[in-house]
Amino acid sequence: DAGVTQSPTHLIKTRGQHVTLRCSPISGHKSVSWYQQVLGQGPQFIFQYYEKEERGRGNFPDRFSARQFPNYSSELNVNALLLGDSALYLCASSPRGGVSNQPQHFGDGTRLSIL
Amino acid sequence: QKEVEQNSGPLSVPEGAIASLNCTYSDRGSQSFFWYRQYSGKSPELIMSIYSNGDKEDGRFTAQLNKASQYVSLLIRDSQPSDSATYLCDRGESGGGADGLTFGKGTHLIIQP
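Residues numbered from 1 in each chain as written. Chains lettered and ligands numbered in written order. Predicted model: local features only at pLDDT ≥ 70, side-chain atom pairs only at ≥ 80, totals over all residues. Heavy atoms only, no water.

A. Layout of the pairing of strand 6 (residues 53–57) of chain A. All names here are of chain A. In this sheet, strand 6 lies alongside strand 5 (residues 44–50) in antiparallel orientation, the contact comprising four bridges. Within the sheet, the bridge partner assigned to Gln48 lies in strand 6 and is Gly56. Linking strand 5 back to strand 6 in an antiparallel pair, the connection comprises two residues, with Glu51 at a positive phi of about 50 degrees. (Pairing = 2+ DSSP bridges. Helix = DSSP H or I, 4+ residues; strand = E, 2+ residues; numbered from the N terminus.)

B. Just the state of the cysteines, in detail. Residue and element names in this part refer to chain A. Tallied over the full model, the rule gives two disulfides over all chains. There is a disulfide in this structure between Cys23 and Cys91, and the S-S distance comes to 1.8 Å. Judged by the sign of its S-S torsion, about -65 degrees, the bond between Cys23 and Cys91 is left-handed. Of the two residues, Cys23 sits in strand 3 (residues 19–24) while Cys91 sits in strand 9 (residues 87–94), which places them 68 residues apart along the sequence. Since its relative accessible area comes to 3%, Cys23 is described here as buried. (Disulfide = S-S within 2.5 Å. Buried < 20%, exposed > 50% of the residue type's maximum accessible area, 1.4 Å probe, protein only.)

C. Representation of the pattern of salt bridges within the structure. Residues and elements named next belong to chain A. If you walk through the whole model with that rule in mind, you get 10 salt bridges over all chains. Arg57 serves as the salt-bridge partner of Asp62, at 3.6 Å between the closest nitrogen and oxygen. On the basis of relative accessibility, which here comes to 71%, the residue Asp62 falls in the exposed class. Given the relative accessible area of 33%, Arg57 is considered partly exposed. (Salt bridge = Lys/Arg side-chain N within 4 Å of Asp/Glu carboxyl O.)

D. Structural context of the environment of B:Thr86. In this fold, B:Thr86 is placed in strand 9 (residues 85–90). The residues contacting B:Thr86, other than those within four sequence positions of it, are B:Tyr36, B:Arg37, B:Gln38, B:Gly106, B:Thr107 and B:His108. (Contact = heavy atoms within 4.5 Å.)

E. Representation of the sheet that holds strand 8 (residues 74–78) of chain A. All names here are of chain A. Pairing within the open sheet is antiparallel, and its four strands lie in the order 1-3-8-7. Edge positions in the open sheet fall to strand 1 (5–7) and strand 7 (64–68), since each of these has one partner strand only. Strand-to-strand twist of the sheet, defined as the mean angle between neighbouring strand axes without regard to direction, takes the value 15 degrees. Bridging between strand 3 and strand 8 involves five bridges; their strand directions are antiparallel. Looking at the pairing, Arg22 lines up with Glu75 of strand 8. (Axes fitted to C-alpha atoms, helices over the stretch in contact; angles between N-to-C directions.)

F. The arrangement of the pairing of strand 5 of chain A in detail. Residues and elements named next belong to chain A. Across the seven residues of strand 5, five count as buried, placing the element largely inside the fold. Looking at chain direction, strand 4 (residues 31–37) and strand 5 are connected through six bridges and run antiparallel. In the sheet register, Tyr35 faces strand 5, and the bridge partner there is Phe45. Taken together, strand 4 and the strand that follows it, strand 5, pair antiparallel across an intervening segment of six residues, in which Gly40 is found at a positive phi of about 85 degrees.

G. Representation of the side chain of B:Thr107. Residue and element names in this part refer to chain B. Mapped onto the secondary structure, Thr107 falls in strand 10 (residues 107–112). In terms of polar contacts, Thr107 uses its side chain to reach the backbone carbonyl oxygen of Asn7, at 2.4 Å. With near-sequence residues (within four places) excluded, Thr107 lies in contact with Gln6, Asn7, Ser8, Leu11, Leu21, Ala85, Thr86 and Tyr87. (Polar contact = N/O pair within 3.5 Å; in protein donor to acceptor, adjacent residues only side chain to side chain.)

H. Looking closely at the sheet that holds strand 8 (residues 71–76) of chain B. All names here are of chain B. Taking strand neighbours across the sheet as the criterion, the five strands line up as 1-3-8-7-6 in an open arrangement whose pairing is antiparallel. Across the chains shown, the open sheet's two edge strands, defined by having one partner strand only, are strand 1 (4–6) and strand 6 (54–58). The mean angle between the axes of side-by-side strands here comes to 20 degrees, regardless of whether they run parallel or antiparallel. Both strand 6 and strand 7 (residues 61–66) contribute to a ladder of five bridges, which runs antiparallel. Bridging across to strand 7, Glu57 finds its partner in Thr62.

In C-alpha cells:
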C-alpha cells in the first residue's frame, strides 16, 4: 500500500509569493495533519482536518490556510511568504479524528526555501 | 497547556551501551504514546507505540509508560551508530479535538563508535 505522499518535494519561492503544498493520505485514513519543522526543532502543528472539517489549528498567522477534499487529500496554502516560512512541511495521516489512539504516518515532506 | 517535554540533548552514548530517552507530559487524559525516530533531513518514522502502564519490548527497543507519574521513556539496548537521530515523543490525542500539542521538541541522540 502506498504511504503518505507529498508534492512537491522541494520548492523555491521569493518573499511575497504564494505556495500550495499537497498531500495524499494513506488509503483509509481520514485525518490529515500539517506540521512545520524548522531545522533543529520538533514539528510545529499547523492544522488538522478530519472528514473535511478543521479540527484544530496551531499558532500560525492567517496567511496559512488548508482544506481537505472528499477523497481526504489535502492542500496547505501559504500567502505572502516570508523568509521565516522556510522549513520542512510535513503531512501526516491517521485513522484518528476522534478519540482514536492510532499513530500518525508521515510523508517525506516538502522542503520550502524562501529567497 | 497540554505540553510534552523532552530533553533536547544532545545525548551522547557509547556504541553498545543503553540509551535512555525520557518524555514527560502534562495532560492526564493522554492514553496513547508514540516514539518516532527522525534522521536529519528526513521525516519522522514510528518505532514504538505504548498504551498501557509498564514495559513494551520490540527488538532492541523498550518503551516504558508510567501514567501516575506522567512519563514515558524509550530504552535502546546495544546502541548502534545507525541509532544516531532525533527521537520525538508524541502523546497522542486525548479526545475533545486536536490541540496539536502532542509532540515534544525531540532528543538528539549521538552514538559514539
